[in-house]
Amino acid sequence: GDSVTQMEGPVTLSEEAFLTINCTYTATGYPSLFWYVQYPGEGLQLLLKATKADDKGSNKGFEATYRKETTSFHLEKGSVQVSDSAVYFCALSDNDYKLSFGAGTTVTVRA
Amino acid sequence: DTAVSQTPKYLVTQMGNDKSIKCEQNLGHDTMYWYKQDSKKFLKIMFSYNNKELIINETVPNRFSPKSPDKAHLNLHINSLELGDSAVYFCASSLWTSTYEQYFGPGTRLTVT
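To start, this report covers the structure provided alongside it. Note that the structure is predicted; figures quoted are calculated from it, not measured.

Topic: the sheet that holds strand 1 (residues 4-7) of chain B
Residue and element names in this part refer to chain B.
- Read from one edge to the other, the open sheet built from 4 strands follows the order 1-3-8-7, with strand pairing classed as antiparallel. Across the chains shown, the open sheet's two edge strands, defined by having one partner strand only, are strand 1 and strand 7 (64-70). With strand direction ignored, the average angle separating the axes of adjacent strands in the sheet is 20°.
- Looking at chain direction, strand 3 (residues 19-25) and strand 8 (residues 73-78) are connected through 4 bridges and run antiparallel. Its bridge partner being in strand 8, Lys19 is matched across the sheet by Ile78.

Written out as structure tokens, the structure is:
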């Protein structure tokens, strides 16, 4: 079945540091890939998406590129802020009307 | 205006009790979901409804029963609560044509003592 594996946290960074969260997937078809973010005390929000190979999703300074050859969708941000502290979830949808989420990576950014 | 709302936000109850969580969305979506998030933040889908019809029913104990009175509401009733039911329950909604873009409610933290 479809699955998503993302790097384990927690990740602690200083402000303005570079952030990378690794995500790889297993799917039988050609899935769409997503990053969701959960800020403290809130529900998840869609951060960015990519629907086909080589697509790059971007939002709020975050980027991720759909790499079919390595089945990966790593999330990056060049300069994090304290407000980026959250739990980040990689997810995929393989046209089965549901999302499959990774385990989540907790990111803490210190001033 | 709140897009996806859930009540209550916190629910503390004893083992064996029956409780309900309510969810409403005002986004005009036709598909709604219930997720369970455990203490390690792992998120698992429980149910999905499209136009009041059950679409996804993952391996969930029969003690959990969703009900969708209309497209804008999806409630979750839990019978005979157990300690292991303690978690945060999230409601979400989307359009059927873009089920990947889901809008989540703020969650209901259920604690069973």
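That covers the picture; the talk isn't over yet.
Remarks on the environment of Ser85 of chain A
Residue and element names in this part refer to chain A.
- For Ser85, the location among the structural elements is in the loop between strand 9 (75-77) and strand 10 (86-93).
- By relative accessible area, which is 18% here, Ser85 ends up buried.
- Taking the C-alpha atoms as reference points, Ser85 and Thr12, separated by 73 residues in sequence, lie 9.0 Å from one another.
- Look past the residues within four positions of Ser85 in its chain and what remains in contact with it is Tyr39, Pro40, Val107, Thr108 and Val109.
- In this structure the side chain of Ser85 is engaged in a polar contact, spanning 2.9 Å, whose partner is the backbone nitrogen of Val109.

Thoughts on the pairing of strand 4 (residues 23-26) of chain A
Residue and element names in this part refer to chain A.
- Covered by surrounding structure in strand 4 are Cys23 and Tyr25 only, the residues Thr24 and Thr26 on the alternate face being uncovered.
- Where strand 1 (residues 3-6) lies against strand 4, 4 bridges are found, and the strand directions are antiparallel. The residue of strand 4 that forms the bridge with Gln6 is Cys23.

Concerning the sheet that holds strand 7 (residues 56-59) of chain A
All names here are of chain A.
- With respect to topology, 4 strands assemble into an open sheet ordered 3-9-8-7, the strand pairing being antiparallel. Since the sheet does not close on itself, it has two edges, and those belong to strand 3 (19-21) and strand 7, each with one partner. Across the sheet, the mean angle separating the axes of adjacent strands is 15° when strand polarity is ignored.

Calculation rules
- Residues numbered from 1 in each chain as written.
- Chains lettered and ligands numbered in written order.
- Predicted model: local features only at pLDDT ≥ 70, side-chain atom pairs only at ≥ 80, totals over all residues.
- Heavy atoms only, no water.
- Pairing = 2+ DSSP bridges.
- Helix = DSSP H or I, 4+ residues; strand = E, 2+ residues; numbered from the N terminus.
- Axes fitted to C-alpha atoms, helices over the stretch in contact; angles between N-to-C directions.
- Buried < 20%, exposed > 50% of the residue type's maximum accessible area, 1.4 Å probe, protein only.
- Contact = heavy atoms within 4.5 Å.
- Polar contact = N/O pair within 3.5 Å; in protein donor to acceptor, adjacent residues only side chain to side chain.

Nothing here speaks to function; it is all geometry.
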